[in-house]
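Here are the chains, one letter per residue:
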Amino acid sequence: MASRNSRGFLPQSEADLLIWSENFKMMISEAPTTYGLDAAKATAYSTTQEAFATAFQIARDPSTRTRPNVAAKDAAKEELIAASRSIAKVVEGTPSVTDAQKIGLGLTVRKTPTPRPVPADAPTVEVMSVNFRSVMIRLHGDEPGRRGRPTDVAGASIFSFVGDTPNDDPKTWRFETSTTKMSATIDFGTDATPGTKVWVAAFWFNSKSEAGPLSRPASTLIGYGLSAAG
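Notes on the structure follow.

Parameters at a glance
- Residues numbered from 1 in each chain as written.
- Predicted model: local features only at pLDDT ≥ 70, side-chain atom pairs only at ≥ 80, totals over all residues.
- Heavy atoms only, no water.
- Axes fitted to C-alpha atoms, helices over the stretch in contact; angles between N-to-C directions.
- Helix = DSSP H or I, 4+ residues; strand = E, 2+ residues; numbered from the N terminus.
- Parallel < 35°, antiparallel > 145°, perpendicular 65-115°, else oblique.
- Left-handed = near helix turned anticlockwise from the far one by under 90°.
- Contact = heavy atoms within 4.5 Å.
- Expected span 1.5 Å × (residues − 1).
- Buried < 20%, exposed > 50% of the residue type's maximum accessible area, 1.4 Å probe, protein only.
- Salt bridge = Lys/Arg side-chain N within 4 Å of Asp/Glu carboxyl O.

### Regarding the packing of helix α1 (residues 14-30) against helix α3 (residues 67-92)
Between α1 and α3, whose axes approach to 12 Å, the crossing angle comes to 45°. With respect to α3, the axis of α1 lies oblique. Crossing hand, α1 versus α3: left-handed. Here E14, L17, W20, S21, F24 and I28 of α1 come into contact with α3, specifically with K73, D74, K77, L80, I81, S84, I87 and A88.

What follows is the structure, given as structure tokens:
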């Protein structure tokens, strides 16, 4: 396979560039309108490509490899590169040209990013331990055997509520943090005295920060010391 350079689709070596450009010339000459071109552009490219092919052979032959001939080859190469990029830009900008046709021309087909769906399921929130006013929680997905974040989930946003019964109004919940981890520690502050009931809920979000449904809240009591959820 021909190596590529910083020009992207163009081969790095001159021998590979010659082979590539001959195929490119043939394809666009046979059916220029297929690629968004006209006959004049295809003919002009053929002239440029053939000039490089001739200069390349002259500069390669030991009997004619002189400094002027090498310089002429280098100039023809730069003209061919510029012409190739100009034609490729037209092809890339023609909506009717398929990826298969671009590949046939030797162009690089850019991969279209796969859209990340909005998370359809809510996480499960589990209280792991309570250390005075700090509550450690763990999040779980619903994919069997998967310990990390669910597929297409970038992270979770976590919310808290203080009181015996959580309010249905999301504005009354306090945003705590957004995290890419499956666990978090929430500090309820000095307003939550020992024995106070607190609640934690969360939702998943994807790489575009689009949120899924809010989870069922998990509850616990603020403790007097370190205690494990039981």
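From this point on, the discussion continues.
### A look at α3
Here α3 is 26 residues long and its end C-alpha atoms lie 37 Å apart, about the 38 Å a rise of 1.5 Å per residue gives. Taken as a whole, α3 has its buried residues at V70, K73, A76, K77, L80, I81, A83, S84, I87, A88 and V91. Along its buried surface, α3 packs onto α1, α2 (39-60) and α4 (99-105).

### Comments concerning the pattern of salt bridges
Applying the stated criterion across every chain yields a total of nine salt bridges. In this structure, the salt-bridge partner of E14 is K73, at a minimum N-O distance of 2.8 Å. Taken together, the positions of E14 in helix α1 and K73 in helix α3 put the pair 59 residues apart, joining distant regions of the chain. Where D38 meets K41, a salt bridge forms, and the shortest distance between an N and an O atom there is 3.8 Å. The exposure class of D38 is partly exposed, given its relative accessible area of 35%. The exposure class assigned to K41 is partly exposed, which follows from its relative accessible area of 40%. Each of E14, K73, D74 and K77 takes part in salt bridges that share partners, so that together they form one network.

On their own, these measurements won't tell you what the molecule is for.
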